[in-house]
Amino acid sequence: MKGRKMNKSILLFAAVAMLGVGAKGQTVTDVEGNVYNTIIIGNQLWMQENLKTTKYNDGSDIAYPGGNNTSWQNNTSGAYAWYNNDSVTYGNTYGALYKWFTLNAASNGGKNICPSGWHVPTHNEWTTMERAICSSASCITDFPINLTTTGLRGTDEGGKLKETGITHWLSLNTGATNSTGFTALPGGYRLTSGSYSGMQTYGYWWTSTVDNSFYYNAWIRDLYYDFTTIERIAFRKDCGLSVRCICDTLLTTQVDENAMDEMVKIYPNPATNRVEIILNNTNAGLNFELFDLTGTIVKQALLKDPVTSIGCEDLHAGLYIYRITNSAGFNVSGKLAVQ
């Protein structure tokens, strides 16, 4: 049996492993029961859909001014809206539009709108993702980690994030390939005045990072139907924009592929009913752990024999992370897909 060859650099994270761009993760569920697909981009795990919760993750309600523009204007502690106040038409596909105060702990009373273990990404976390999907020779200068560079950035990175076709984006949806699987949708925005604009034309997403040069602004990312680039600008906090959540704490371990091949193989991958862990020499006493994408251990085994078979019948289909260690410091990890 031929084992699946590992990449030279395998990344293990405390709660989730990220391997490559565009690999599908498992789903994550918010406090209301809304289920979101997830996507692996570089060393990050992102929601593949816009947030649509109407509650903080402690179960308390987020304020909903609805069509009352005065209440929307006066809110400084957190509120959400449905585009054109129409949740039936827009809510499930495009998600909700949130004031920045909703995601800021200092204004919302220390709460989190993302599911437990997730958060609204920072300006730097967006930049890390942009660099991961950038394929030019100038990625660092195209996407600098600073709080001063604004405007349209990069070349085709926006196209890599946008959903393809014109079902949700206006024609021609220039350069959209969705090669990352991010599936960005143009949910528009709600202005400070309470009016709406930009549906199917613009997608705007908050970061959690404030604009230090102007108190009323925070950093955002936006995509346009007729551009292939990504725009980074500061936007008024009292407007309503879309939100994508990102998984929490990351921890990286690297291992050379030769060390992996010399000691252990995982077969088959993807797995269905069972997976076999094959020791290629006399090494024994290795510990095997299998995690789901919340960081919960779902399988454990002590590898004492040349071949150890582990059942997968009770696992849901999706992506899992395995880690194999011993007391001598051997530590490798990778992804196991279960069908």
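For the structure itself, look to the data block above.
I will try to describe carefully the structure that is included in this document. (Residues numbered from 1 in each chain as written. Predicted model: local features only at pLDDT ≥ 70, side-chain atom pairs only at ≥ 80, totals over all residues. Heavy atoms only, no water.)

**With respect to the overall build of the protein**
- The helix and strand tally for the protein stands at 7 helices and 23 strands.
- Relative to its 339 residues, the protein shows a buried fraction of 53%.
- Sequence separation of 24 or more characterises 57% of the internal contacts of the protein that already satisfy a separation of 6 or more.
- Looking at the protein as shown, the accessible area adds up to about 14300 Å², and 49% of this sits on carbon and sulfur atoms. (Helix = DSSP H or I, 4+ residues; strand = E, 2+ residues; numbered from the N terminus. Buried < 20%, exposed > 50% of the residue type's maximum accessible area, 1.4 Å probe, protein only. Contact = heavy atoms within 4.5 Å. Areas by Shrake-Rupley, 256 points an atom, 1.4 Å probe, with all protein chains shown as cover.)

**Examining the sheet that holds strand β17 (residues 264–267)**
- Pairing in this open sheet of 3 strands is antiparallel, and the strands run β17-β18-β21 from one edge to the other. Each edge of the open sheet is held by one strand with a lone partner, namely β17 and β21 (307–311). Mean inter-strand twist for the sheet, computed between neighbouring axes without regard to direction, equals 20°. (Pairing = 2+ DSSP bridges. Axes fitted to C-alpha atoms, helices over the stretch in contact; angles between N-to-C directions.)

**A look at the environment of T209**
- Mapping T209 onto the fold places it in strand β12 (residues 202–210).
- Owing to a relative accessible area of 17%, T209 belongs among the buried residues under this scheme.
- C-alpha separation for the pair T209 and W219, spaced 10 residues apart in sequence, amounts to 5.7 Å.
- Not counting the four nearest positions on each side in its chain, T209 is found in contact with W100, T122, H123, L147, A218 and W219.
- Separated by 2.9 Å, the side chain of T209 and the backbone nitrogen of H123 make a polar contact. (Polar contact = N/O pair within 3.5 Å; in protein donor to acceptor, adjacent residues only side chain to side chain.)

**Topic: the sheet that holds strand β19 (residues 286–291)**
- The antiparallel open sheet is built from 4 strands, whose spatial order is β20-β19-β22-β23. Only two strands of the sheet have a single neighbouring strand rather than two, namely β20 (297–303) and β23 (331–338). Neighbour-to-neighbour, the strand axes of the sheet open up by a mean angle of 20°, direction not taken into account.
- Note: β19 against β20, 6 bridges, orientation antiparallel. The residue bridging L286 from the neighbouring strand is L303, located in β20.

**Some details on the state of the cysteines**
- Tallied over the full model, the rule gives 2 disulfides.
- Each sulfur of the disulfide joining C114 and C245 lies 2.1 Å from the other. What sets the handedness of the C114 and C245 disulfide is the S-S torsion sign, and at about -85° it is left-handed. One end of the pair, C114, is in the loop between α3 (105–108) and β8 (118–119); the other, C245, is in the loop between β15 (240–241) and β16 (246–247), and 131 residues separate them in sequence. (Disulfide = S-S within 2.5 Å.)

**As for the nonpolar core**
- Residues L51, I113, W118, W206, F235 and V243 are the most contacted members of the largest nonpolar core, which totals 36 residues.
- When residues of this core are traced back to their parent elements, those giving at least two are β5 (44–47), β12, β13 (217–224), β14 (230–236) and β22 (318–325).
- In terms of residues, this core owes the most to one element, β13, which gives 3 residues.
- Membership of the second largest hydrophobic core comes to 20 residues, among which are I266, F288, C312 and V332. (Core = buried A, V, L, I, M, F, W, Y, C linked by side-chain atoms within 4.5 Å.)

**Observations concerning the packing of aromatic side chains**
- Per the counting criterion, the structure on display carries 16 aromatic pairs.
- Centre to centre, the rings of W126 and F182 are 6.1 Å apart; their planes meet at 70°, and the pair counts as edge-to-face. Of the two residues, W126 is situated in helix α4 (residues 123–133) and F182 in the loop between α6 (157–161) and β10 (187–190); the sequence distance between them amounts to 56 residues. Considered together, W126 and F182 belong to a single accessibility category, that of buried residues.
- These aromatic residues form a ring-pair network of at least three members: Y189, Y202, Y204, Y224, F227 and F235.
- In this structure, K99 packs its charged tip against the face of W72, placed 4.9 Å from the ring centre.
- A cation over an aromatic ring shows up here: K237 above the ring of Y215, its NZ or CZ 4.5 Å from the ring centre. (Phe/Tyr/Trp six-rings, centres within 6.5 Å; stacked < 30°, edge-to-face > 60°. Lys NZ or Arg CZ within 6 Å of the ring centre and 35° of its normal.)

**Thoughts on the pairing of β12**
- Where β12 lies against β13, 6 bridges are found, and the strand directions are antiparallel. Paired with W205 across the strands is R221, a residue of β13.
- Hairpin connection of β12 to β13: 6 residues between the antiparallel strands.

**Regarding the pattern of salt bridges**
- Summed over all chains, the structure comprises 7 salt bridges.
- A salt bridge links E130 to R221; its shortest N-O distance comes to 2.6 Å. Of the two residues, E130 sits in helix α4 while R221 sits in strand β13, which places them 91 residues apart along the sequence.
- Residue classification places R221 among the buried positions, given a relative accessible area of 1%.
- Close ionic contact of R236 with D238 constitutes a salt bridge, the shortest N to O distance being 2.8 Å.
- Taking relative accessible area as the criterion, R236 reaches 34% and is therefore assigned partly exposed. (Salt bridge = Lys/Arg side-chain N within 4 Å of Asp/Glu carboxyl O.)

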